[in-house]
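The lines below spell out each chain.
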Amino acid sequence: SQQGEEDPQALSIQEGENATMNCSYKTSINNLQWYRQNSGRGLVHLILIRSNEREKHSGRLRVTLDTSKKSSSLLITASRAADTASYFCATDPGNYGQNFVFGPGTRLSVLP
Amino acid sequence: EPEVTQTPSHQVTQMGQEVILRCVPISNHLYFYWYRQILGQKVEFLVSFYNNEISEKSEIFDDQFSVERPDGSNFTLKIRSTKLEDSAMYFCASSWDLGEQFFGPGTRLTVL
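In short, a report on the structure.

**As for the state of the cysteines**
Residue and element names in this part refer to chain A.
Phase 1: Within the structure shown, the criterion is met by two disulfides over all chains.
Phase 2: A sulfur-sulfur distance of 2.0 Å marks the disulfide that ties Cys23 to Cys89. The sign of the 65 degrees torsion about the S-S bond sets the Cys23-Cys89 disulfide as right-handed. A residue pair is termed long-range when its members are at least 10 positions apart, and Cys23 in strand β3 (residues 19–24) and Cys89 in strand β9 (residues 85–91) qualify at 66 residues. Judged on exposure class, the residue Cys23 and its partner Cys89 are both buried.

Take a look at the structure:
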């Protein structure tokens, strides 16, 4: 798989349920970021987790990072219909390069 | 809250024509980027710009592409002779350091 691969590709849940999305990557990183994209719109930064961090919270979002497994997860608790969007993880290449590598995204549908 | 802006929101052009996509990054940011997203596909890095020069570019960023920071506020992406496969959403981003990148809303480029 490529750097920054999310799974599942699509996830459909009921409002109020939790949604978990995973991201795997290949090379070492300095940080990993999660972005949200509403259909046909721009990218909204959600959270950044550095390689020396294991868990981070922001409101209803919880991100974990396991550098030994080269994976990260994004948990959205108590989901709302407004959370319906595509979620992307983006990794930097770990050599202090500036380009982000985005995964193909997880399309989340939260049904009312 | 400061934000990255992009104009136009939608650009339609004929194949072979030149287009210039414009971005106004956040004012105190130092790093500037262009990404593109072909419909239904992942976000791809094109180029990063720092200290008035390109610092990194991807294979996509060939001789048909160029970037410029003509003044203290604008950051432009020029495609010299557009091809059908250049049709995509083009996102500008900026950052203060090598961490979080702030994305603009994107310009949808349609090449006919």
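**Considering the nonpolar core**
Phase 1: Residues Leu32(A), Trp34(A), Leu74(A), Ile76(A), Tyr87(A) and Leu108(A) are the most contacted members of the largest nonpolar core, which totals 22 residues.
Phase 2: Where this core is concerned, the elements lending two or more residues are β2 (10–14), β3, β4 (31–37), β5 (43–50), β7 (61–66), β8 (71–76), β9 and β11 (106–111) of chain A.
Phase 3: Beyond its immediate chain neighbours, meaning those up to four positions away, Tyr87(A) contacts Glu6(A), Met21(A), Tyr35(A), Arg36(A), Leu46(A), Leu74(A), Ile76(A), Gly105(A), Thr106(A) and Leu108(A).
Phase 4: Cys23(B), Phe32(B), Leu46(B) and Leu109(B) belong to the second largest nonpolar core, which has 21 residues in total.

**So, the packing of aromatic side chains**
Phase 1: Under the counting rule described, the total for this entry stands at 15 aromatic pairs over all chains.
Phase 2: Between the aromatic rings of Trp34(B) and Phe75(B), the centroid separation amounts to 5.9 Å while the plane-to-plane angle is 25 degrees, which identifies the pairing as stacked. Of this pair, Trp34(B) sits in strand β4 (residues 31–37) while Phe75(B) sits in strand β8 (residues 75–79), placing them 41 residues apart in sequence. Accessibility assignment for this pair places Trp34(B) and Phe75(B) in one class, buried.
Phase 3: Every member of this aromatic cluster is reached through a ring pair, and the members are Tyr35(A), Phe88(A), Phe100(A), Phe102(A), Tyr33(B), Tyr35(B), Phe45(B) and Phe103(B).

Cut-offs used in this document
Residues numbered from 1 in each chain as written. Chains lettered and ligands numbered in written order. Predicted model: local features only at pLDDT ≥ 70, side-chain atom pairs only at ≥ 80, totals over all residues. Heavy atoms only, no water. Disulfide = S-S within 2.5 Å. Helix = DSSP H or I, 4+ residues; strand = E, 2+ residues; numbered from the N terminus. Buried < 20%, exposed > 50% of the residue type's maximum accessible area, 1.4 Å probe, protein only. Core = buried A, V, L, I, M, F, W, Y, C linked by side-chain atoms within 4.5 Å. Contact = heavy atoms within 4.5 Å. Phe/Tyr/Trp six-rings, centres within 6.5 Å; stacked < 30°, edge-to-face > 60°.

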